[in-house]
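# A look at the structure
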Amino acid sequence: MTHAEEIAANIRRVRENIARACAKCGRSPEEITLVGASKMNDADACRAAIAAGIDALGENRVQEMTEKLAQNAYDGAPLHFIGHLQRNKVNKVVGTAALIESVGSPELLRDIARRAQTLGIVQDILLEVNIGAEEAKSGFLPEALEDGAHEALTLPSVRVRGLMTIPPADAAREENIRFFQKVFGLYVDINQKLFHNSFEYLSMGMSGDYEDAICEGATMVRVGTAIFGARHYA
Ligand SMILES: *Cc1c(COP(=O)(O)O)cnc(C)c1O
């Protein structure tokens, strides 16, 4: 099989798993947006995923995204930014990414809003929740999320479409599920309290846990390895 054929077969398998998870917990697969996390995969791999019907592609490094954009890697699918966004790179992402999933601080939120205002656009974003309160990770702490959401509502050039989270990598399965449940609780609460239930995206779940995330309420999963194969770090 060529790499493109492998990617297509993997996407079919992931879709089947999504359908099975949905059946198990009484949901519909149409509710789930499948984002291919394409970091460290080249433009051809991105194009293969798009040809195989991926819903969106997500990048987590600005430089890699910019290089692959120049090669038209994402033509035909929405591009999401899913990684840690340094404030000095905001200008390269606002207006380029259809959805910035990883807005995890008031400062970044304001920078994104300022840039979007300059461009005369409304930037769709998700607020990232640091559900494990990890020192090394970005994202709003659960107790700071509502203030962040409040502030976003005062900024007309950003539109919050929901929440995103990455639980601690070392969590055991049961603990990981509890993190998903907590974020779902925050999602429902803030959606109702501040956003008139207009949220659409709860982005949680990666290759190892997207089925669990779906059963806990995810509407968007970000899958890398299970679609593109193992990443080879130099
Ligand atoms: C790489 C990445 C993923 C996908 O990880 P896999 O375990 O390879 O599926 C999801 N979300 C973010 C933010 C990532 O950087």
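Look up: the structure comes first, before these words.
To start, this report covers the structure provided alongside it. (Residues numbered from 1 in each chain as written. Predicted model: local features only at pLDDT ≥ 70, side-chain atom pairs only at ≥ 80, totals over all residues. Heavy atoms only, no water.)

Let us look at the packing of helix α1 (residues 3-24) against helix α2 (residues 43-51). Viewed as axis vectors pointing N to C, α1 and α2 meet at an angle of 45 degrees, and their least axial separation amounts to 9 Å. Relative to α2, the element α1 is oriented oblique. Note that α1 runs across α2; the crossing there is right-handed. The segment α1 lies against α2, with H3, A4, I7 and I11 engaging A45, A48 and A49. (Axes fitted to C-alpha atoms, helices over the stretch in contact; angles between N-to-C directions. Helix = DSSP H or I, 4+ residues; strand = E, 2+ residues; numbered from the N terminus. Parallel < 35°, antiparallel > 145°, perpendicular 65-115°, else oblique. Left-handed = near helix turned anticlockwise from the far one by under 90°. Contact = heavy atoms within 4.5 Å.)

Our next topic: the pattern of salt bridges. Using the criterion set out here, one finds 16 salt bridges in the structure. When the shortest N-O distance is used, the salt bridge between K68 and E64 registers 2.9 Å. Within this pair, K68 and its partner E64 are both found in helix α3 (residues 62-70), separated by 4 residues, close to a single helical turn. Of the two residues examined, K68 and E64, each falls in the buried class. Three or more residues are tied together by salt bridges with common partners; here these are E59, R61, E64 and K68. (Salt bridge = Lys/Arg side-chain N within 4 Å of Asp/Glu carboxyl O. Buried < 20%, exposed > 50% of the residue type's maximum accessible area, 1.4 Å probe, protein only.)

A few words now on the nonpolar core. Core analysis: the biggest nonpolar cluster contains 67 residues, and I100, I112 and L163 have the highest contact counts within it. Counting residues per element, this core draws most heavily on helix α7 (residues 173-194), which supplies 7 residues. Setting aside anything within four residues of it in sequence, one finds I112 in contact with L85, V90, V94, I100, V103, Q123, I125 and V158. Residues V35, A56, M164 and M220 belong to the second largest nonpolar core, which totals 7 residues. (Core = buried A, V, L, I, M, F, W, Y, C linked by side-chain atoms within 4.5 Å.)

The local shell around the ligand consists of A37, K39, N60, I82, I166, M206, S207, R222, V223, G224, T225 and R231. In this structure, K39 approaches the ligand through a side-chain N or O atom, which is 2.7 Å from an oxygen atom. When the ligand sits alone it has 390 Å² of accessible area, and the protein chains cover 89% of it. Its residues assigned to classes, the shell around the ligand comprises 5 nonpolar, 4 polar and 3 charged. (Near = heavy atom within 4 Å. Polar contact = N/O pair within 3.5 Å; in protein donor to acceptor, adjacent residues only side chain to side chain. Areas by Shrake-Rupley, 256 points an atom, 1.4 Å probe, with all protein chains shown as cover. Nonpolar A, V, L, I, M, F, W, Y, C, P; charged D, E, K, R; others polar.)

The geometry of an aromatic ring pair comes down to the distance between the two centres and the angle between the two planes. Enumeration over the complete set of coordinates arrives at 2 aromatic pairs. An angle of 45 degrees between the planes, with centres 5.4 Å apart, marks the rings of Y187 and F199 as tilted. Within this pair, whereas Y187 is found in helix α7, its partner F199 is found in the loop between α7 and β7 (201-203), the two being separated by 12 residues in sequence. The same class applies to Y187 and to F199, which are both buried. Centre to centre, the rings of F195 and F199 are 4.6 Å apart; their planes meet at 35 degrees, and the pair counts as tilted. Taken individually, F195 and F199 each receive the classification buried, so the pair is uniform in this respect. (Phe/Tyr/Trp six-rings, centres within 6.5 Å; stacked < 30°, edge-to-face > 60°.)

What follows is about the pairing of strand β4 (residues 99-103). Of all 5 residues in β4, 5 are buried; the element is thus mostly enclosed. In terms of strand pairing, β4 meets strand β5 (residues 123-129) through 3 bridges, oriented parallel. Within β5, the residue paired with I100 across the bridge is I125. For the crossover that starts at β4, traverses helix α5 (residues 106-119) and ends in the parallel β5, the hand is right-handed. (Pairing = 2+ DSSP bridges. Right-handed = clockwise from strand over helix to strand, strands pointing away.)

With 22 residues, α7 extends 31 Å from end C-alpha to end C-alpha; this agrees with the ideal 32 Å at 1.5 Å per step. Where α7 is concerned, the buried positions are N176, I177, F179, F180, V183, L186, Y187, I190, N191 and L194. Taken together, the buried residues of α7 touch β5, α6 (142-153), β6 (158-165), β7 and α8 (210-215). At the exit of α7 stands H196, carrying a positive phi of roughly 50 degrees. (Expected span 1.5 Å × (residues − 1).)

All of the buried residues along α3 are V62, E64, M65 and K68. Buried residues along α3 cover an arc of 160 degrees about the axis, so they all sit on one side. Elements in contact with the buried residues of α3: α2, β2 (56-59), β3 (79-81) and α4 (90-93). (Arc of directions from axis to C-beta.)

Even without a glycine there, the phi angle at M40 is positive, about 65 degrees. Counting through the fold element by element, M40 comes out in the loop between β1 (33-37) and α2. M40 sits in the partly exposed class, given a relative accessible area of 38%. Backbone geometry at N72 places phi at a positive 55 degrees, although glycine is not the residue there. Relative to the elements of secondary structure, N72 occurs in the loop between α3 and β3.

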